[in-house]
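Chain and residue survey
Here is what each chain is made of, one letter per residue.
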Amino acid sequence: PHRRQGIGRALLRRATARAEELEASVLHVQVQVGADEAGPLLESEGFRRARRYLNMTWHRAELPLPEIGPGHLLRCFEEGDEQALTELQNASFGGSWGFSPNTIEEIIAKLAFKTSFPCGVVFVADGRTPVAYNWTFRTVPPGGTTGWIGMTGVHPDYRRLGLGRAVLLAGMTYLVQNGAEMVRLEVDDLNAAAKQMYWLAGFRVTRESLWYERSADG
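Below you will find a few notes about this structure. Everything numeric in this text was worked out from a predicted model, so none of it was measured.

1. Side note on the overall build of the protein
Assigned secondary structure in the protein consists of six helices and eight strands. Sequence-ordered secondary structure for the protein, helices as α and strands as β, is α-β-α-β-β-α-α-β-β-β-α-β-α-β. Against the globule reference of 17 Å for 218 residues, the protein gives a C-alpha radius of gyration of 19 Å, in line with a compact fold. Expressed as lengths along the three principal axes of its C-alpha atoms, the size of the protein is roughly 60 × 35 × 35 Å. The buried share of the protein, taken over its 218 residues, is 38%.

Here it is, written out as structure tokens:
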């Protein structure tokens, strides 16, 4: 009953103004495919379609055991790993569309989310140094049966060794062992390697979303 009264446009303009106050350089807005009114509204305010993301779901499929080669080990996040996780995340995703380098304070804040748990961040380590990671989130019990893969990253120096698949399966195993019957994630449609990895792990596309982009100054 409240549509077509300019409320959405007013909210979008207020959010844009707030982003300018915070000195953001680029604005991003995500909408589900099928939200027919959102696209034209965003485009009329200077946003352009920038990316398509796939929402993928794994549901009670067979879950292979993670395999890693000699010299590497799987371990959980431990107190004191905050700086290593920050550096690994920034190295893994540097230059990726939409990624802004994180500070250690931001990482610590995300680790404090009630849906984030220490062993929900799984590392592949070279010795004790994390070189790949899978950051999972899960519904707080009781009754939580859905888990999420937030980030799967591999340091550029350790790619093409199968570590991404190994740490993904380790994260999924953690979620299943803690009651997850379904695991969800999002992936950039242009990231062919990640899409293939998730498909081989049993994920299937269930929805799609579009990201719109605009410079903060219009």
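2. Brief notes about the nonpolar core
Formed by 18 residues in total, the largest nonpolar core has its most connected members in Ile149, Met172, Tyr198 and Phe203. For this core, the elements supplying multiple residues, two or more each, are strand 2 (48–59), helix 5 (163–177), strand 7 (182–188) and helix 6 (192–200). Here this core gets five residues from one element, more than from any other, and that element is helix 5. Residues contacting tyrosine 198, with those up to four places away along its chain left out, are Met56, Thr152, Leu168, Leu185, Val187 and Phe203.

3. Let's talk about the packing of helix 5 against helix 6
The axes of two packed helices give the description: the angle between them and the distance between them. Close contact between helix 5 and helix 6 brings their axes to 11 Å; oriented N to C, the two are set at 45°. By the angle class used here, helix 5 and helix 6 are oblique. For the pair helix 5 and helix 6, the sense of crossing is right-handed. Contacts between helix 5 and helix 6 pair Gly164, Arg165 and Leu168 from the former with Met197, Tyr198 and Leu200 from the latter.

4. Things to note about the packing of aromatic side chains
Each pair of aromatic rings is reported with the distance of its centres and the angle of its planes. Inspection of the entire model under this criterion finds seven aromatic pairs. With a centroid separation of 5.8 Å and 40° between ring planes, the pair formed by phenylalanine 93 and phenylalanine 99 is classed as tilted. A residue is classified by how much of its surface remains accessible, and phenylalanine 93, at 17% relative accessible area, is buried. Look at phenylalanine 99 and you get partly exposed, because its relative accessible area is 21%. With centroids separated by 6.0 Å and ring planes inclined at 15°, the aromatic side chains of tryptophan 135 and phenylalanine 137 adopt a geometry described as stacked. Note on accessibility: tryptophan 135 and phenylalanine 137 belong to one class, buried. Clustering of aromatic rings is evident, with ring pairs tying together Tyr53, Trp97 and Trp211. The positively charged end of arginine 138 is found above the aromatic ring belonging to phenylalanine 117, 3.8 Å away from the centroid.

5. Some points on the pairing of strand 8 (residues 204–215)
Judged from the seven bridges that link them, strand 1 (residues 26–32) and strand 8 form a sheet pairing that is antiparallel. What sits directly across from glutamine 30, in strand 8, is tryptophan 211. Of the strand pairs in this sheet, strand 2 and strand 8 are connected by nine bridges, and their pairing is antiparallel. Residue arginine 48 lies in a different strand from strand 8, and its bridge partner there is glutamate 213.

Rules behind the numbers
- Residues numbered from 1 in each chain as written.
- Predicted model: local features only at pLDDT ≥ 70, side-chain atom pairs only at ≥ 80, totals over all residues.
- Heavy atoms only, no water.
- Helix = DSSP H or I, 4+ residues; strand = E, 2+ residues; numbered from the N terminus.
- Rg over C-alpha atoms; globule rule 2.2 N^0.38 Å.
- Buried < 20%, exposed > 50% of the residue type's maximum accessible area, 1.4 Å probe, protein only.
- Core = buried A, V, L, I, M, F, W, Y, C linked by side-chain atoms within 4.5 Å.
- Contact = heavy atoms within 4.5 Å.
- Axes fitted to C-alpha atoms, helices over the stretch in contact; angles between N-to-C directions.
- Parallel < 35°, antiparallel > 145°, perpendicular 65-115°, else oblique.
- Left-handed = near helix turned anticlockwise from the far one by under 90°.
- Phe/Tyr/Trp six-rings, centres within 6.5 Å; stacked < 30°, edge-to-face > 60°.
- Lys NZ or Arg CZ within 6 Å of the ring centre and 35° of its normal.
- Pairing = 2+ DSSP bridges.

Shape is all these values report; function is a separate question.
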